[in-house]
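What follows is the residue order along each chain.
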Amino acid sequence: MSDTFTDWLRKRSEPDWTAATSHPFTDALLAGRLPADAMRGYLVQDYQFVDSFLALLGSALAKADRYASRLEISNSIAVVTSSENTYFQRAFEALEVSAADRKHPRLDPSTVEFRSLMDDTNANGSYPDVLAVLVVAEWSYLEWAMGAPERLPEDSIAAEWITLHNNPQFQRWVGWLRGELDRVGAELDERDQARCLRLFQHATRCERDFFAAHWPG
Ligand SMILES: Cc1ncc(C[n+]2csc(CCO)c2C)c(N)n1
């Protein structure tokens, strides 16, 4: 069977892709043995990531070439701003994150780099460019979360973070997103495909660095 555009992007992003989707951080999270300090630090930084991510979804919404695509993207925006947002608020309560760290934590270099990539792509990228960065952020999360054991961690903060990223609705969304990039990517000339690849590779490196920054091992 011939590879799709997103299969090609992923293969060309090794070894970072595999490092980002089977990281010691996610292995420990799935096994219920991630130290609370690591989870707290990670979620504090991730919350700062989510704002730029949401803006990037808005960029995809604006740049999409058809109404049906805008409907799919707006559905996903609703998820990020509802269930995902309430998760962070509950997790911050449970992990006793201070008001200052919820609002204006000192940003880790890995957060700064990922935000710059999303903000630059938002400002300057085409629809396929924006999709390339979104696909990495969503597909890589689906991939590690699909490795969940049957018995989830007893800690509800960990368990919920896993199910947010492997539930059937999320699987469907990632499938749609990949199919969308496969569709618009097939129309691109070689130069523009190479641009998507560079963004995909950069985003994959950012995912890997983000976990590494919060892994105490
Ligand atoms: C560093 C980092 N990369 C990707 C995600 C994944 N993610 C971001 S927002 C969202 C909801 C989209 O529907 C998902 C799955 C993350 N949380 N943190």
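Source: prediction; values computed, not measured.

J.: Give a description of helix α11 (residues 168-185) that names residues and reports values.
T.: Counted at 1.5 Å a residue, the expected span for α11 with its 18 residues is 26 Å, and the 25 Å between its end C-alpha atoms agrees. Taken residue by residue, α11 has V174, L177, R178, E180, L181 and G185 as its buried positions. In a view along the axis of α11, the buried residues occupy a sector of 155 degrees, so they form one face of it. With respect to the buried face of α11, the exposed residues turned more than 90 degrees away are P168, Q169, R172 and G175. Contact partners of the buried residues in α11: α1 (5-11), α5 (67-81), α9 (127-145) and α12 (190-213).

J.: So, the UniProt feature "binding site: substrate" (unreviewed entry) in the protein: which residues are in play, and what are the values?
T.: In this structure's numbering, the residues bearing the UniProt feature "binding site: substrate" (unreviewed entry) are D46, E84 and E138. What stands out for the annotated residues spanning 93 residues is how close their C-alpha atoms remain, the widest pair being 13.6 Å apart. Within the secondary structure, D46 sits in helix α4 (residues 36-63). Within the secondary structure layout, E138 lies in helix α9. By C-beta crowding, E138 is classed as partly exposed, having 19 other C-beta atoms within 10 Å.

J.: Describe in detail the UniProt feature "active site" (unreviewed entry) in the protein, supporting the description with residues and values.
T.: In this structure's numbering, the residues bearing the UniProt feature "active site" (unreviewed entry) are E207. Along the chain, E207 falls in helix α12. C-beta crowding within 10 Å serves as the criterion here: with 24 such atoms nearby, E207 is assigned to the buried category. Residues contacting E207, with those up to four places away along its chain left out, are A20, V136 and S140.

J.: Which residues make up the site of the ligand, and what values go with them?
T.: Close to the ligand lie 14 residues, the nearest being F53, V80, A137, Y141 and F210. At the level of secondary structure, the elements contributing two or more residues to the shell around the ligand comprise α4, α5, α9 and α12. Considering every element that reaches the shell around the ligand, the biggest residue donor is α4, with four residues. Looking at the shell around the ligand residue by residue, the classes come out as eight nonpolar, two polar and four charged.

J.: Tell me about the confidence of the model for the protein, residues and numbers included.
T.: The share of residues in the protein with pLDDT of 70 or more is 100%, and the mean pLDDT across the chain is 96. As a predicted assembly, this complex carries a pTM of 0.96 together with an ipTM value of 0.92.

J.: I'd like a description of the packing of helix α8 (residues 109-124) against α12, backed by residues and values.
T.: As a packed pair, α8 and α12 sit with axes 9 Å apart at the nearest point and diverge in direction by 155 degrees. If you check the angle between α8 and α12, you find them roughly antiparallel. Here the hand of the crossing between α8 and α12 comes out left-handed. In this structure, α8 uses S110, E113, F114, L117 and T121 to contact α12, whose residues at the interface are L199, H202, A203, C206, D209, F210 and A213.

J.: Run through unusual backbone geometry, naming residues and quoting values.
T.: Residue P15 is bonded to the preceding E14 through a cis peptide linkage, with omega at 5 degrees. Mapped onto the secondary structure, P15 falls in the loop between α1 and α2 (16-21). Positive phi values are uncommon outside glycine, yet E96 reaches one of about 55 degrees. Take E96: it is sitting in the loop between α6 (83-94) and α7 (99-103). According to the C-beta neighbour criterion, E96 is exposed, with 9 such atoms within 10 Å.

Quick notes on the rules
Residues numbered from 1 in each chain as written. Predicted model: local features only at pLDDT ≥ 70, side-chain atom pairs only at ≥ 80, totals over all residues. Helix = DSSP H or I, 4+ residues; strand = E, 2+ residues; numbered from the N terminus. Expected span 1.5 Å × (residues − 1). Buried ≥ 20, exposed ≤ 12 C-beta atoms within 10 Å, placed from the backbone. Arc of directions from axis to C-beta. Contact = placed C-beta atoms within 7 Å. UniProt positions renumbered as here; feature names shortened; annotations may be inferred. Near = placed C-beta within 6 Å. Nonpolar A, V, L, I, M, F, W, Y, C, P; charged D, E, K, R; others polar. pLDDT = per-residue confidence, 0-100. Axes fitted to C-alpha atoms, helices over the stretch in contact; angles between N-to-C directions. Parallel < 35°, antiparallel > 145°, perpendicular 65-115°, else oblique. Left-handed = near helix turned anticlockwise from the far one by under 90°.

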